[in-house]
Amino acid sequence: MTLKPLTFLSALFFWTLCSKADFNSLEENIFFDIRWPGPASDLLNTNAENTIVMTTVNDEKYKCVLPESPSDNPDNDGNYLGPSALELLSPLFNKFTCILRFEHFWVYELCHGHHLRQYHEEKESGKPEVLQEYYLGKYDTHQFKETVHEQSLIRTHKQKVLHRSIEGIVMPYITINMTGGTICDIGGKPRVTRVMYACHPSSKQEIYSIEETITCEYEVLVLTDLLCEHPDYRLKSPKTNDIHCHSMEKTKPRPIILQDLETESLILNPNSPLHMIKKQFGTQTQKESVGGSNPMESSRSYIPQDSKIVQEFLEGRHCLHGGSGWWKYEFCYGNKVEQYHEDSLHQRTVIILGRWNKDKHLEWLSKNPHKKPKPGTRRHVSHYYSEGDFCIEAATSRRVEVKLRCKDSTDHPNAVSLYLLEPKTCEYILVVESPILCSLLPNADENGMFRDPTDQ
């Protein structure tokens, strides 16, 4: 059984009702909502078996009417004889149609019935140059046509439809498996991708999500309106079973504590209208603190970082974390760079990409003078971390260039972004963006090494 979004009190109230009413046969796809219609009427006594009197901690009494036969209101059309799900997707596969998804560092290119490609490019002299790319899976269009033909021969048999819960919505989907991608560095097997197509009436072939479920195996969810013609793939609108709790005697229509909790939730919720109003116009204390200066200039000014955090960062005790998918990254300034995966038991698989050695860094700069910080306003500095874990494929230790960039974010002063490139086997480029770096970059010396800004 499932509760619609309710306050904590309503949830407690509901579970108490269930225990008293002995709702032992309810299923997860049955929805309930608690209503507070006001004073009870004498008509409620005519069906006493479905009513329960509840009392709150404030001695407020409510007579709650339970639904007689809770249901999920199934909406299946067993007489559908139209095109199969794959036939409905045929327009995507009969033409070379591609869609893109842009993330912080990577671009994902999904060409339906052909391939899924992950790449990063930068513009040099105005021309984009692909620096790194992987094929996460490939597909043969002829295979698709054969599968469509096979399904057309067994159309009289109902096909099993797979479902997945996406943000609380149960979505039916159909899968296309892409295989034969770029060989994975770990395990030596080709990358593979499971592309899931799900119905969404207002979507036009959009990539909703991309996830690396295990190393070099991916899942992509594509929302499309093409599947919505098939009743088995439409989004179901489950029936909500209402529980009406009527106030008794001199009790208010809604419990006092429920109103207090909702008010508190409104204040604490960053997306609430109250919070948005405060964010837009500011509080009286904020207005007084600017001392009559231009509020637009004040909003653009840099927010200084906590000196203790900066100090701990420079000492290698405050590490930055980031990354998405299977692998995550940890950067500890003046110490090490790690790539790791943490399982459900919080056990880590760790690969050290590089360790800090000042002499090695200076030697690297002498061989690559273009990596030295440029005079004037600096956008970033590069540090060299060497002597990482041994790489069998390259027969040498791993090494990584760490590009440290200022990310001035007044809304999210603790935001951190980490992206990893591997231009050559076991030679990496880690891009680190954080507001912590904004106060440090102007104080970097000629070798890009930081000085504590509080020492000046």
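A brief report on the enclosed structure follows. Model, not experiment: these values are computed from the prediction.

Comments concerning unusual backbone geometry
So, point 1. Backbone geometry at A395 places phi at a positive 55°, although glycine is not the residue there.
So, point 2. Considering the arrangement of structural elements, one finds A395 in the loop between β20 (390-391) and β21 (396-397).
So, point 3. Positive phi, normally seen in glycine, also occurs at C426, with a value near 65°.
So, point 4. The residue C426 is located in the loop between β23 (417-424) and β24 (427-434) in this model.

Re the sheet that holds β24
So, point 1. Here eight strands make up an open sheet; going across it, the order is β15-β16-β17-β18-β19-β22-β24-β23 and the pairing mixed. Strand pairing shows two members of the sheet lacking a second neighbour, β15 (320-322) and β23, which therefore form its edges. Strand-to-strand twist in this sheet, taken as the mean axis angle between neighbours without regard to direction, amounts to 25°.
So, point 2. Relative to strand β18 (residues 348-356), strand β17 (residues 336-342) is paired through seven bridges, and the arrangement is antiparallel. Along β18, the bridge assignment pairs V337 with G354.

A short note on the sheet that holds strand β9 (residues 162-166)
So, point 1. Strand order in the open sheet made by the five strands is β9-β10-β11-β13-β12, with mixed pairing throughout. On the outer flanks of this sheet lie β9 and β12 (206-214), each paired with one strand and no other. Neighbour-to-neighbour, the strand axes of the sheet open up by a mean angle of 35°, direction not taken into account.
So, point 2. The pairing of β12 with strand β13 (residues 217-224) spans seven bridges and is antiparallel. Looking across to β13, one finds that E212 is bridged to Y218.

Details of the pattern of salt bridges
So, point 1. Inspection of the entire model under this criterion finds 14 salt bridges.
So, point 2. Close ionic contact of E315 with R317 constitutes a salt bridge, the shortest N to O distance being 2.6 Å.
So, point 3. Since its relative accessible area comes to 55%, R317 is described here as exposed.
So, point 4. Salt-bridge contacts for E401 lead to K371; the nearest nitrogen and oxygen are separated by 3.1 Å. Taken together, the residues span a long stretch of sequence, with E401 in strand β22 (residues 399-406) and K371 in the loop between α9 (358-367) and β19 (380-386) at a distance of 30 residues.
So, point 5. The exposure class assigned to K371 is partly exposed, which follows from its relative accessible area of 22%.
So, point 6. Salt bridges sharing common partners tie together E109, R117 and E133.

What to know about the nonpolar core
So, point 1. Counting residues in hydrophobic clusters, the biggest one holds 37 residues, and the most contacted among them are F93, L110, I174, I176, Y197 and L227.
So, point 2. Those residues within four positions of I176 in sequence are excluded, and the remaining contacts are L86, F93, Y139, F144, T193, R194, V195 and Y197.
So, point 3. Grouped together as the second largest cluster of nonpolar side chains are 30 residues, F331, I351, V402 and Y428 included.

Description of the state of the cysteines
Here is the idea: a disulfide is a covalent bond, and it sits between the sulfur atoms of two cysteines.
So, point 1. Per the counting criterion, the structure on display carries seven disulfides.
So, point 2. Residue pairing for C184: its cysteine sulfur links by disulfide to C216, the two sulfurs lying 2.0 Å apart. Between C184 and C216, the disulfide has an S-S torsion of 70° and is therefore right-handed. Of this pair, C184 sits in the loop between β10 (169-178) and β11 (192-199) while C216 sits in the loop between β12 and β13, and the two are 32 residues apart along the sequence. Here C184 matches C216 in class, with each residue buried.
So, point 3. Bridging C319 to C332, the disulfide has an S-S length of 2.0 Å. Taking the torsion about the S-S bond as the criterion, the C319 to C332 disulfide, at about 110°, is right-handed. In this pair, C319 is assigned in the loop between α8 (307-314) and β15 and C332 in strand β16 (residues 328-332), connecting sequence segments 13 residues apart.
So, point 4. For C319, a relative accessible area of 21% puts it in the partly exposed group.
So, point 5. We classify C332 as buried; its relative accessible area is 2%.

Cut-offs applied
- Residues numbered from 1 in each chain as written.
- Predicted model: local features only at pLDDT ≥ 70, side-chain atom pairs only at ≥ 80, totals over all residues.
- Heavy atoms only, no water.
- Helix = DSSP H or I, 4+ residues; strand = E, 2+ residues; numbered from the N terminus.
- Pairing = 2+ DSSP bridges.
- Axes fitted to C-alpha atoms, helices over the stretch in contact; angles between N-to-C directions.
- Salt bridge = Lys/Arg side-chain N within 4 Å of Asp/Glu carboxyl O.
- Buried < 20%, exposed > 50% of the residue type's maximum accessible area, 1.4 Å probe, protein only.
- Core = buried A, V, L, I, M, F, W, Y, C linked by side-chain atoms within 4.5 Å.
- Contact = heavy atoms within 4.5 Å.
- Disulfide = S-S within 2.5 Å.

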